[in-house]
Amino acid sequence: MSQPTEVRRGPEPPDLSEKGGMKNGQPQRSDERLFMQFLAFGGCPDTRPLVGVLARGPVTGVLYEDMNDPRGIALLTVSQDPAVFLDRVRPLLNSVPFVSLTQKPEYTMVGRTYAIGYEPDLRETLLDRPRRTVLNPAWTWAVWYPLRRSGRFTQLGAEEQRVILAEHGAIGMSFGAGDYAHDIRLACHGLDKDDNDFVVGLIGKDLYPLSAIVQAMRKTQQTSLYLERLGPFFVGRAVWQARGDA
């Protein structure tokens, strides 16, 4: 009697959902994420025409004046749907008055919110807090920069990585507790031309604490031992913030 043929199963598809901690006795999972795109430009001596167009437009975001370029600006746009960057932001930037500006590609950043698995409120982490942070009218100063970790970090064991990241996170939480600085952390694996790992935004009501937190984090193991690339840094102050249609 012939033996039954064994059915070979193919590979299982990966689970791409974000995962948080337990909430009301249930594990949290979500396929919702917030995407942010940061674009910088030169050749803008007066931001008022840009603000006028943005105020009438259908995008959620922030317009910054560049502290280090008297004619520089940057536009941060925010959406759960990355198609918004092509369907709404792109036409906006190819129309007057944005079309006359000169883009600075070295400052282009794009990323997505993510979870590490312990978050007590997953929606708050992925959607609500990042949006509130960048759109808070009391927190107008910002420092934005990309970074790439070295391959040595990925070779470390999970527990050693956790300890290193906890050191970094403790500094951020202490600055946040004092309302000195509030951070945006975005994953950008494969989303930008420079192959960065993350985009970081430091947001606050004053500039000095944003510089101070960068200084404090320079002493951590992650920054001093396991970063391959950091920056360039954009420093600016918001002149327009709006919720629009996210």
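Residues numbered from 1 in each chain as written. Predicted model: local features only at pLDDT ≥ 70, side-chain atom pairs only at ≥ 80, totals over all residues. Heavy atoms only, no water.

Turning our eyes to something else, we now look at the pattern of salt bridges. As enumerated under the stated definition, the model contains 18 salt bridges in all. A salt bridge links D183 to R185; the nearest nitrogen and oxygen atoms lie 3.2 Å apart. Overall, the relative accessible area of 39% leaves D183 in the partly exposed class. Classification of R185 by relative accessible area gives partly exposed; the value is 42%. A network of salt bridges, in which partner residues are shared, links R148, D195, D197, E228 and R229. (Salt bridge = Lys/Arg side-chain N within 4 Å of Asp/Glu carboxyl O. Buried < 20%, exposed > 50% of the residue type's maximum accessible area, 1.4 Å probe, protein only.)

Turning our attention to helix α1 (residues 48-56). The set of residues buried in α1 consists of L50, V53 and L54. Down the axis of α1, the sector holding all buried residues measures 100 degrees, keeping them to one side. Opposite its buried face, α1 presents the exposed residues R48, A55 and R56, each directed more than 90 degrees away. Next to the buried residues of α1 lie β4 (60-66), β5 (73-79), α2 (84-93) and β12 (234-242). (Helix = DSSP H or I, 4+ residues; strand = E, 2+ residues; numbered from the N terminus. Arc of directions from axis to C-beta. Contact = heavy atoms within 4.5 Å.)

Our next topic: the side chain of S79. Tracing the chain through its elements places S79 in strand β5. For S79, a relative accessible area of 0% puts it in the buried group. Of the polar contacts made by the side chain of S79, one reaches the backbone nitrogen of D81; its length is 3.0 Å. (Polar contact = N/O pair within 3.5 Å; in protein donor to acceptor, adjacent residues only side chain to side chain.)

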